[in-house]
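Below are the chains, spelled out letter by letter.
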Amino acid sequence: MAVCTVYTAQSLNSTCSISTHSKSHLGFHQRQVIFYTKRTNKRHNTSTTSSVKITCSSSADKTVVIGLAADSGCGKSTFMRRLTSVFGGAAEPPKGGNPDSNTLISDMTTVICLDDYHSLDRTGRKEKGVTALDPRANDFDLMYEQVKAIKDGVAVDKPIYNHVSGLLDPPELIKPPKILVIEGLHPMYDERVRELLDFSIYLDISNEVKFAWKIQRDMAERGHSLESIKASIEARKPDFDAYIDPQKQYADAVIEVLPTQLIPDDNEGKVLRVRLIMKEGVKNFNPVYLFDEGSTISWIPCGRKLTCSYPGIKFTYGPDTYFGNEVSVLEMDGQFDRLDELIYVESHLSNLSTKFYGEVTQQMLKHADFPGSNNGTGFFQTIVGLKIRDLYEQIVASRAGAPVTAAKA
Ligand SMILES: Nc1ncnc2c1ncn2[C@@H]1O[C@H](COP(=O)(O)OP(=O)(O)OP(=O)(O)O)[C@@H](O)[C@H]1O
Ligand SMILES: O=C(CO)[C@H](O)[C@H](O)COP(=O)(O)O
């Protein structure tokens, strides 16, 4: 792939300007680049041909790509709602599009669900005897090409996997957003896709907790029987262990959700121990810390400033290793009684990337009705959302003033 550099009005002090036009072809919306030079009054016109594709994007506007991996029913949608809220504005399906679209668009973000890259529909998977978690049921070449195209500023026609019918529906147009979130089973599975990620998160829900959440949702909301939920979890487990779980080694942040250690032999699964595992040395990401960076801390904040009913709340923080990488781990075991008192905990944490005092607490109060708002799942998801906003702003700031690049493929 050849890369040529075009200087914009910004970088050459108003000596030239650039405009782009989209052309639909083979599912990609390629761009024709028309390059005007004011000084000579000449017009250079380069266009796409059958053998050469020219794409053009300002590097300052280039899409930042975030990956969120987790098994089904592990809280990805809830996390996405918290994340998009941090950027302001509500996320909605594409207007006038397929009502069963899995995509969510807000002013700053577009969230695409990687289920849309299933290459086998429900019947196809059944016939071949593979689950949706099996790489053979997914088109990683197309996933890579399209995520790369979006990152390069090119709109794509992305397929839609219809969860209602189990079929692959006609594609929908995805325009390059400021921030693209790819969420689903395999955002870090394919090395090429992984390389495109500016930041990656893995939601690691322990089997006990996953089971409790699945029962709660699939029995109450979807009318499934306890036996069928158990059978579905068991059937997916080998492929989950083989293809989904290993992705956590690549994640920049992992939110691990486990049963509490505050209640001996707890088997209710209501009180959770949540660990935020943050990789050290990730560009534009400084791990959050409690009291003193790098120290090992244990803190029970219950008392005059924080109301705690049984079994209380315990925080721990410290350095560790995770799949051979240096990490910082912030852990919260227990749950909050009063969300407004969270400000007390927030004020003891540093590197939160908030824009004002109490922003984490404000976000938590705003979404008090979301699952996990009284424990570490909601708290850490909100913190990761703020860290992603900060990462995005740092990337944009570092790109400002860079020349526009046109990539020829
Ligand atoms: N933090 C949480 N605390 C308690 N329950 C939760 C939490 N997050 C999610 N759940 C439960 O899990 C269910 C699934 O959550 P969510 O829809 O966010 O997951 P998902 O990964 O997007 O699922 P899917 O991929 O199947 O659409 C919710 O209905 C809720 O019952
Ligand atoms: O693991 C999943 C990701 O959400 C789904 O089970 C997968 O997409 C298959 O979908 P369906 O349940 O519609 O057959």
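Cut-offs and rules
- Numbers given for residues are sequential positions, taken from 1 along each chain in its written order.
- Here every chain gets a letter starting at A, and every ligand a number starting at 1, in the order they are written.
- pLDDT decides what is reported in this predicted model: residues at 70 or higher carry local features, side-chain atom pairs at 80 or more are listed and counted, and totals for whole chains, interfaces and linings draw on all residues regardless.
- To get the side-chain values, all heavy atoms of the structure are used, and hydrogens and water are removed first.
- UniProt positions are given in the numbering used here, feature names are shortened, and annotations may be inferred rather than shown by experiment.
- Numbering of helices and strands starts at the N terminus; helices are DSSP runs of H or I of at least 4 residues and strands are runs of E of at least 2.
- Per-residue accessibility, obtained with a 1.4 Å probe over protein chains only, is compared with the maximum for each type, and a residue is labelled buried under 20%, exposed over 50%, and partly exposed between these values.
- Here, residues are in contact when the closest pair of their heavy atoms is within 4.5 Å.
- We get accessible surface area from the Shrake-Rupley algorithm with a probe of 1.4 Å; when it comes to residues, only the shown protein chains can shield them.
- Only four residue types enter the charge count, namely Lys and Arg as positive and Asp and Glu as negative; His and the chain termini do not.
- In the sections that follow, a salt bridge refers to a side-chain nitrogen of Lys or Arg positioned within 4 Å of a carboxyl oxygen of Asp or Glu.
- Residue proximity to a molecule or strand is established when one non-hydrogen atom of the residue lies within 4 Å of it.
- By the criterion applied in these results, polar contacts are pairs of N or O atoms within 3.5 Å in which, for protein atoms, one can donate a hydrogen and the other can accept it, and in which residues neighboring in sequence qualify only through two side-chain atoms.
- Three residue categories are used. Nonpolar comprises Ala, Val, Leu, Ile, Met, Phe, Trp, Tyr, Cys and Pro, charged comprises Asp, Glu, Lys and Arg, and polar comprises the others, including Gly.
- Paired rings are identified among Phe, Tyr and Trp, the last through its six-membered ring, by centres lying within 6.5 Å, and are further divided according to the angle between planes into stacked (under 30 degrees), edge-to-face (over 60) and tilted (the rest).
- Remark: a charge is flagged as sitting over a ring if the NZ atom of Lys or the CZ atom of Arg is within 6 Å of the ring centre and within 35 degrees of the ring normal.
- Orientation is described by lines fitted to C-alpha atoms, with helices fitted over the stretch in contact, and by angles between N-to-C directions that extend from 0 to 180 degrees.
- Orientation labels follow simple angle bins: below 35 degrees gives roughly parallel, above 145 gives roughly antiparallel, 65 to 115 gives roughly perpendicular, and whatever is left gives oblique.
- Definitions for this section: a left-handed crossing has its near helix turned counterclockwise from the far helix by less than a right angle. A right-handed crossing has that turn clockwise.
- The disulfide criterion used throughout: a pair of cysteine sulfur atoms within 2.5 Å.

An unreviewed UniProt entry lists the protein chain under the name Phosphoribulokinase, with Anisodus tanguticus as the source organism. Heading Sequence similarities (unreviewed entry) of the UniProt record for the protein chain holds this comment: "Belongs to the phosphoribulokinase family." Here the protein chain is described in UniProt, under the heading Catalytic activity (unreviewed entry), as follows: "D-ribulose 5-phosphate + ATP = D-ribulose 1,5-bisphosphate + ADP + H(+)".

*Asks:* Honestly, the overall build of the protein chain in this entry has me stumped. Any pointers?
*Replies:* What the protein chain contains, in helices and strands, is 9 helices and 20 strands. Among the 409 residues that make up the protein chain, the fraction classed as buried is 51%. Of the contacts made within the protein chain by residues no fewer than 6 positions apart, 65% connect residues no fewer than 24 positions apart. For the protein chain, the accessible area works out to roughly 19,200 Å², and carbon and sulfur atoms hold 50% of it.

*Asks:* I keep staring at the side chain of Glu183 and nothing clicks. Help me out?
*Replies:* Mapped onto the secondary structure, Glu183 falls in strand S11 (residues 179-184). One buried charge, Glu183, has no salt-bridge partner; the nearest side chain with opposite charge is Lys76, at 4.4 Å. The contact partners of Glu183, leaving out residues within four places of it in the chain, are Leu68, Lys76, Val111, Ile112, Cys113 and Leu114.

*Asks:* Help me out: how do you make sense of the UniProt feature "domain: Phosphoribulokinase/uridine kinase" (unreviewed entry) in the protein chain in this one?
*Replies:* Under the local residue numbering, the UniProt record ascribes the feature "domain: Phosphoribulokinase/uridine kinase" (unreviewed entry) to residues 65-263. Measuring from the first to the last C-alpha atom of residues 65-263 gives 40 Å, for a span that is 34% helix and 23% strand.

*Asks:* What should I look at first to understand the site of ligand 2 in this one?
*Replies:* As a matter of local geometry, ligand 2 sits amid Ser72, Asp115, His118, Arg122, Arg125, Ala132, Tyr161, His163, Leu185 and Arg236. Here an oxygen atom of ligand 2 and a side-chain polar atom of Tyr161 are 3.1 Å apart. Between ligand 2 and Arg236 there is a distance of 2.7 Å, counted from an oxygen atom to a side-chain nitrogen or oxygen. Compared with its free state, where it exposes 370 Å², ligand 2 has 79% of that area covered by protein. A per-class count over the shell around ligand 2 returns 3 nonpolar, 3 polar and 4 charged.

*Asks:* Would you mind showing me how to read the packing of aromatic side chains here?
*Replies:* For the coordinates displayed, the defined rule picks out 11 aromatic pairs. Between Tyr322 and Phe323 the ring centres are 4.8 Å apart and the planes differ by 90 degrees, which places this aromatic pair in the edge-to-face class. Taking the relative accessible area as the measure of exposure, Tyr322 reaches 13% and is therefore buried. By way of ring pairs, the aromatic residues Phe291, Trp299, Phe315, Phe336, Tyr344, Phe379 and Phe380 are connected into one cluster. The positively charged end of Arg194 is found above the aromatic ring belonging to Tyr250, 3.6 Å away from the centroid. Over the ring of Phe240 we find Lys210; its NZ or CZ atom is 3.6 Å from the centre of that ring.

*Asks:* Just to check I follow, could you spell out the packing of helix H1 (residues 76-86) against helix H9 (residues 376-399) for this structure?
*Replies:* Working note: a packed helix pair is described by the angle between its axes plus the distance between those axes. Here H1 crosses H9 at 45 degrees, and the two axes come no closer than 9 Å. Here H1 lies oblique to H9, going by the angle between them. In this structure, H1 meets H9 at a crossing whose hand is right-handed. Residue-level inspection shows Thr78, Phe79, Arg82, Leu83 and Val86 of H1 in contact with H9, the latter providing Gly378, Gln381, Thr382, Val384, Gly385, Leu386, Ile388 and Arg389. Across the contact of H1 with H9, the residue classes break down as 6 nonpolar, 5 polar and 2 charged.

*Asks:* What am I meant to see in unusual backbone geometry here?
*Replies:* It is generally the case that most residues other than glycine have a negative phi and that most peptide bonds are trans. In this chain, Tyr310 is followed by Pro311 through a cis amide linkage whose omega measures 5 degrees. Within the secondary structure, Pro311 is located in the loop between strand S16 (297-299) and strand S17 (313-322). Positive phi values are uncommon outside glycine, yet Asn284 reaches one of about 65 degrees. Inspection of the secondary structure assignment puts Asn284 in the loop between strand S14 (272-279) and strand S15 (289-290). Non-glycine residue Phe323 carries a positive phi angle of around 50 degrees. Here Phe323 lies in the loop between S17 and strand S18 (325-334).

*Asks:* How should I be thinking about the state of the cysteines in this particular structure?
*Replies:* Two cysteines whose sulfur atoms are joined by a covalent bond form what is called a disulfide. Enumeration according to the criterion identifies 1 disulfide in this entry. The disulfide partner of Cys302 is Cys308, and the S-S distance across this bridge is 2.1 Å. Linking Cys302 and Cys308, the disulfide has an S-S dihedral of approximately -85 degrees and is accordingly described as left-handed. Since its relative accessible area comes to 29%, Cys302 is described here as partly exposed. The class for Cys308 is partly exposed, based on a relative accessible area of 23%. You can see Cys74 has no disulfide; the closest cysteine sulfur is in Cys113, sitting 13 Å from it. You can call Cys74 buried: its relative accessible area is 3%.

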